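Structural features, examined
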Amino acid sequence: VKAKLARMKNLFLKGLPKDLSDDALRQLISGYGVVTNLLLLRTAKGSSRGVAMVAMSTEEEARTTVDSLKGKCFHHQNQHSWIVADANSAEESMIVEIAHKEVLSEEEKRLKYEQRALKEIEDPKERQARCQQERRNRLVAYHEQLEASVQRENRELLVSSQRIESMRNRMRENNRCLDCWMLHKQCICTTTPQEIAELFCHKTIVYLHSKEYGRLSNTGSIIPIAFPPPQSQIYVADVEEDEKKFQEELRANADRTFVLFPSENSVTVQEMMETLNTKETVQNDSEGQDSGCGGSLTIVLVDGTWQQARRLNQRIPSWVKRVKLMPRDLVDSRYKSPMRSQATPDRVCSLSAYVLLLQEMRVASEVCQYLLQLLHKKSEIVLSNSNKEWKQTDGIKKKVPAKGKVPVEKQVDNLSISDT
């Protein structure tokens, strides 16, 4: 770490304790001069790298800081830290080194040695199970600490925000697209053809559970790809900013907003459309809206597992209308997502339910066809990368070809579906 004597205002420090905060470091350096700027380098996940750059007000203060820190010994929590200042080629530069070392008791040293020895002789499967249990224990300890330090009403917001931020950081590190969540080289984000976009005038809100964010098997994320914002939006539950925007969207077009969810008070699409046509046909004509669309509606799609969707539905105000699909004994395999299995044959993924809704609303078939093409395109990519089974509705399980083998393309109603 070097700073030229001619411009000795800037200091570069390394080996800092990883849990040393900016304020603590500033307080330490401020005792020897005026700190004009301080930068503690951090990783993409927000943890400290143990490296900092400090700018002093004058060269004299910077030299004084280096000389004063020479041989000084500092303590930081359970770590024993020492700072060494040394001169190397004094005509050109001065080196400042900061190092720290953990102070371990004899018992801690013994445990650390036993853990190292255990890793060398432990079976890989047993080690994997042990590591998973340790992660679960850390998670339980984290939630216990969270319960003791954070109020209950803010706890879910904090956990969800941290989960979303962590997932976004992982996607950046793994070179994944933040829109479709796929690898950049396999990104399915495309510009919707103009003739398709003109056939669809409704607005869609995907109310997403925080645990679904970033999951490759999630299908609701395809909707904003087909119809980009502001026509379609994803709002993550328990994220404070998204929750506020979601409530504003519900109030903005309250009379023409509905939730796709089969609750006790839900109505069919036909009943809802008849009610809207009866109440607002004259108003829509006077406002000059496109009669082909019948007026723009706001569709709220609750996206998550069945249990998650039920809890999310309870958070949506009761004055928002609920709509259900017509009952079906068996759903066509075109609407099945092979990325997830369903408990019963009549259940489908989020995007397939959305497409079935659009069909009952008599939206142009080209729009539904385009959405299904995106669904199958994503399914083929995800399954080819993971080698999972392609779950069919005809009772026959067909596996995705192993990597390196070319799948056979089978045409079903103009949809390309991989078969073995």
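Now for a description of the structure that goes with this document. (Residues numbered from 1 in each chain as written. Predicted model: local features only at pLDDT ≥ 70, side-chain atom pairs only at ≥ 80, totals over all residues. Heavy atoms only, no water.)

Overview of the overall build of the protein chain
- The number of helices and strands found in the protein chain is twelve helices and 17 strands.
- Of all 420 residues assigned to the protein chain, the portion counted as buried reaches 39%.
- By element, 49% of the accessible surface of the protein chain is carried by carbon and sulfur atoms, the whole surface being about 24,800 Å². (Helix = DSSP H or I, 4+ residues; strand = E, 2+ residues; numbered from the N terminus. Buried < 20%, exposed > 50% of the residue type's maximum accessible area, 1.4 Å probe, protein only. Areas by Shrake-Rupley, 256 points an atom, 1.4 Å probe, with all protein chains shown as cover.)

Examining the layout of surface pockets
- In this model, the second largest pocket occupies a volume close to 530 Å³.
- Considering the residues around the second largest pocket, the lining is formed by 23 residues, among which R168, L178, D179, Y213 and I234 are closest to the centre.
- Sorting the residues of the lining of the second largest pocket by element identifies helix 5 (152-173), helix 7 (222-226), strand 9 (232-236) and helix 8 (240-252) as the ones contributing at least two each.
- Here the residues of the lining of the second largest pocket are counted per class, giving 13 nonpolar, four polar and six charged. (1 Å grid on protein atoms, 1.4 Å probe; cavity = no way out; pocket = protein on both sides within 12 Å on 5 of 7 lines; lining within 4 Å. Points joined across faces, edges and corners; volume = space filled by probe spheres on them. Nonpolar A, V, L, I, M, F, W, Y, C, P; charged D, E, K, R; others polar.)

A few points about the sheet that holds strand 13 (residues 321-324)
- The six strands lie next to each other as 9-8-12-10-13-11, forming an open sheet whose pairing is parallel. Edge positions in the sheet fall to strand 9 and strand 11 (267-268), since each has one partner strand and no second.
- In this structure, strand 11 lies alongside strand 13, joined through two bridges in parallel fashion. The residue of strand 13 that forms the bridge with V267 is V323.
- Where helix 10 (residues 306-315) meets the sheet, it contacts strand 8 (203-208), strand 10 (257-260), strand 12 (298-303) and strand 13, and its direction lies at approximately 140° from that of strand 12.
- Running at roughly 155° to strand 12, helix 11 (residues 350-360) makes contact with strand 8, strand 10, strand 12 and strand 13 of the sheet. (Pairing = 2+ DSSP bridges. Contact = heavy atoms within 4.5 Å. Axes fitted to C-alpha atoms, helices over the stretch in contact; angles between N-to-C directions.)

A word on the side chain of K378
- Structurally, the position occupied by K378 is in helix 12 (residues 365-386).
- An unpaired buried charge is present at K378: no salt bridge exists, and D303, the closest side chain of opposite charge, is 8.5 Å distant.
- Looking at K378, its side chain comes within polar contact range of the main-chain oxygen of N218, at 2.7 Å.
- Each residue touching K378, except ones within four places of it in the same chain, is listed here: C180, M182, I188, R215, L216, N218, S221, I222 and M339. (Lys, Arg positive; Asp, Glu negative; His and termini not counted. Salt bridge = Lys/Arg side-chain N within 4 Å of Asp/Glu carboxyl O. Polar contact = N/O pair within 3.5 Å; in protein donor to acceptor, adjacent residues only side chain to side chain.)

As for the packing of aromatic side chains
- By the definition in use, this model includes five aromatic pairs.
- When the centroid spacing of 5.1 Å and the interplanar angle of 55° are considered together, the rings of W181 and Y213 count as tilted. Pair noted here: W181 is in the loop between helix 5 and helix 6 (194-197) and Y213 is in the loop between strand 8 and helix 7, with a separation of 32 residues, a long-range link.
- For the ring pair Y235 and F246, a centre distance of 6.3 Å and an interplane angle of 55° mean the geometry is tilted. With Y235 in strand 9 and F246 in helix 8, this residue pair connects regions lying eleven residues apart in the sequence. (Phe/Tyr/Trp six-rings, centres within 6.5 Å; stacked < 30°, edge-to-face > 60°.)

Comments concerning the nonpolar core
- Ranked by size, the top nonpolar core spans 34 residues in total, and within it L351, Y354, L358, M361 and L371 carry the most contacts.
- Ignoring anything within four residues of it in the chain, the contact list for M361 reads H202, F258, V269, L297 and I299.
- Membership of the second largest hydrophobic core comes to 15 residues, among which are L25, L40, M56 and A62. (Core = buried A, V, L, I, M, F, W, Y, C linked by side-chain atoms within 4.5 Å.)

A word on unusual backbone geometry
- A cis amide bond, omega 5°, links P229 with the succeeding residue P230.
- Residue position: P230 is located in the loop between helix 7 and strand 9.
- Phi at D238 takes a positive value of approximately 70°, unusual for a residue other than glycine.
- Its place among the elements puts D238 in the loop between strand 9 and helix 8.

What to know about the packing of helix 11 against helix 12
- Two elements in contact, helix 11 and helix 12, have axes separated by 10 Å at closest approach and are oriented at 170°. By the angle class used here, helix 11 and helix 12 are roughly antiparallel. Residue-level inspection shows L351, S352, Y354, V355, L358 and Q359 of helix 11 in contact with helix 12, the latter providing V367, C368, L371, L372 and L375. (Parallel < 35°, antiparallel > 145°, perpendicular 65-115°, else oblique.)

Some points on the sheet that holds strand 3 (residues 35-42)
- Taking strand neighbours across the sheet as the criterion, the three strands line up as 2-4-3 in an open arrangement whose pairing is antiparallel. Single-partner strands in this sheet number two, and they are strand 2 (10-14) and strand 3. Geometrically, the sheet is characterised by an average inter-axis angle of 15° between neighbouring strands, direction not taken into account.
- Contacts from helix 1 (residues 22-30) reach strand 2, strand 3 and strand 4 (48-56) within the one sheet, and its direction differs from that of strand 3 by about 140°.

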